[in-house]
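# Structural description and commentary
Letter by letter, the chains look like this.
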Amino acid sequence: MLPATFKLCAAISYQHLRNMTGLRRQAAVAISQELSKLACRGTGPSTWINQVRRRSSLLSSRLEEKPFSEMEMSYIKQGEKALQKSLSILGDQDGWKTEMVVDNGDKVLSKVLPDVGKVFQLEVVVDQPLDAVYSELVDNMEQMGDWNPNVKEVKILQKIGKDTVITHEKAAATPGNIVGPRDFVSVRCSKRRGSTCVLAGMSTKYGAMPEQDGFIRAENGPTCMILRPLPGSPSQTKLTWLLSLDLKGWLPKTIINQVLSQTQVDFANHLRERLARTVAVNC
């Protein structure tokens with residue numbers, strides 16, 4: 001029997017879904033079903049999933065009233081699909097293996113999924129409040145190349161409503177050019193409900209951004225970052241990053257695994273340094 005709080009959330013979500021039509025309702029229903037499954041398991045990240053569900057939840061969050069074109073709706077659906085799949089992966093706590101543990105507590109886990117391949121999960125705590133981390137990763141995403149040496153450039157190609165963007169990202173070559181320059185075209189979906197933020201994405205096709213000279217067009221997704229205040233310490237943020245990449249080209253799996261694990265750990269350190277500098281400037 002479902003808890004009373006879940007029944008209430010379901011009723012609220014149903015009322016919002018009645019106000020949606022067509023593709024909007026399909027996307028919302030799909031993610032709603034996935035979060036319901038995760039909540040019923042009662043394990044792992046069910047607490048923050050319940051937080052996301054509150055205040056009408058991720059799924060029934062209202063899109064702008066203006067109509068979207070068929071192409072725009074397809075991008076919105078892709079972003080919601082990436083979010084749905086990412087939550088499903090993170091909600092299954094079985095089968096994760098430790099790839100790397102750093103002295104400061106940062107940890108990288110991995111597992112192999114039949115339909116996705118190998119995925120990596122970074123778990124870190126950042127000594128900055130959630131608003132600061134969210135602003136850096138979402139509001140200032142085009143500045144990422146300024147502080148993350150693994151990224152040459154992030155450019156927003158198109159904004160669709162308030163939650164969805166199409167981006168082009170150029171990744172720098174690894175030291176020694178073990179992995180040459182890659183680029184990605186992605187649809188990104190950001191949702192913020194209460195004290196939990198979800199940033200999800202996956203590769204997409206965008207006619208105005210064909211393959212670039214000097215770069216191998218790689219693919220990502222589903223990828224997802226979960227931001228939430230550290231329990232008992234609202235001035236700190238728990239960041240969970242699900243990473244799934246197909247770098248393309250002829251690369252040994254051992255090299256790929258090492259590069260992706262280290263990339264996640266490096267990202268956390270560069271993010272901390274960026275936030276520390278930003279705070280110092282603003283003081």
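Conventions used here
- Per-chain numbering applies: the sequence of each chain, read as written, is numbered from 1 onward.
- Local features in this predicted model are restricted to residues whose pLDDT is 70 or higher, and side-chain atom pairs enter the listing and the counts only when it is 80 or higher, whereas totals over whole chains, interfaces and linings include all residues.
- Only heavy atoms go into the side-chain values, all of them from the structure, while hydrogens and water stay out.
- Secondary structure elements follow DSSP: runs of H or I no shorter than four residues count as helices, runs of E no shorter than two count as strands, and numbering proceeds from the N terminus.
- A 3.5 Å cut-off defines polar contacts: any pair of N or O atoms within that distance qualifies, except that in protein one atom must be a possible hydrogen donor and the other a possible acceptor, and neighbouring residues in sequence count only when both atoms are side-chain atoms.
- Contacts were defined at the residue level, with two residues in contact if any of their heavy atoms lie within 4.5 Å.
- Strand pairing is assigned whenever DSSP detects at least two bridges linking the two strands.
- By salt bridge we mean one thing: a side-chain nitrogen of Lys or Arg within 4 Å of a carboxyl oxygen of Asp or Glu.
- Relative accessibility decides the category of a residue: with a 1.4 Å probe and only protein chains considered, values under 20% of the type maximum give buried, values over 50% give exposed, and everything between is partly exposed.

### As for the side chain of S203
Residue position: S203 is located in strand β7 (residues 196-203). Polar contacts involving the side chain of S203 include one to the main-chain amide nitrogen of N220, which spans 2.6 Å. Sequence-distant contacts of S203, defined by excluding residues within four places in its chain, comprise Q78, V185, S186, A218, E219 and N220.

### Some words on the environment of K159
Tracing the backbone through its elements, the reader meets K159 in strand β4 (residues 151-160). Between the C-alpha atoms of K159 and R188, which are 29 residues apart in sequence, the distance is 9.7 Å. Not counting residues within four places of it along the chain, the set of residues in contact with K159 comprises T164 and V165.

### A look at the pairing of β4
In this structure, β4 lies alongside strand β5 (residues 164-171), joined through eight bridges in antiparallel fashion. Residue pairing for β5: K155 is matched across the bridge by H168.

### Quick word on the pattern of salt bridges
Counted by the stated rule, this structure contains 15 salt bridges. With a closest N to O distance of 3.3 Å, K162 and D163 form a salt bridge. D163 sits in the buried class, given a relative accessible area of 10%. Close ionic contact of R217 with D183 constitutes a salt bridge, the shortest N to O distance being 2.9 Å. Of this pair, R217 sits in strand β8 (residues 216-217) while D183 is found in strand β6 (residues 182-193), placing the two residues 34 residues apart along the sequence. Members of the salt-bridge network, linked through shared partners, are E80, K162, D163 and K191.

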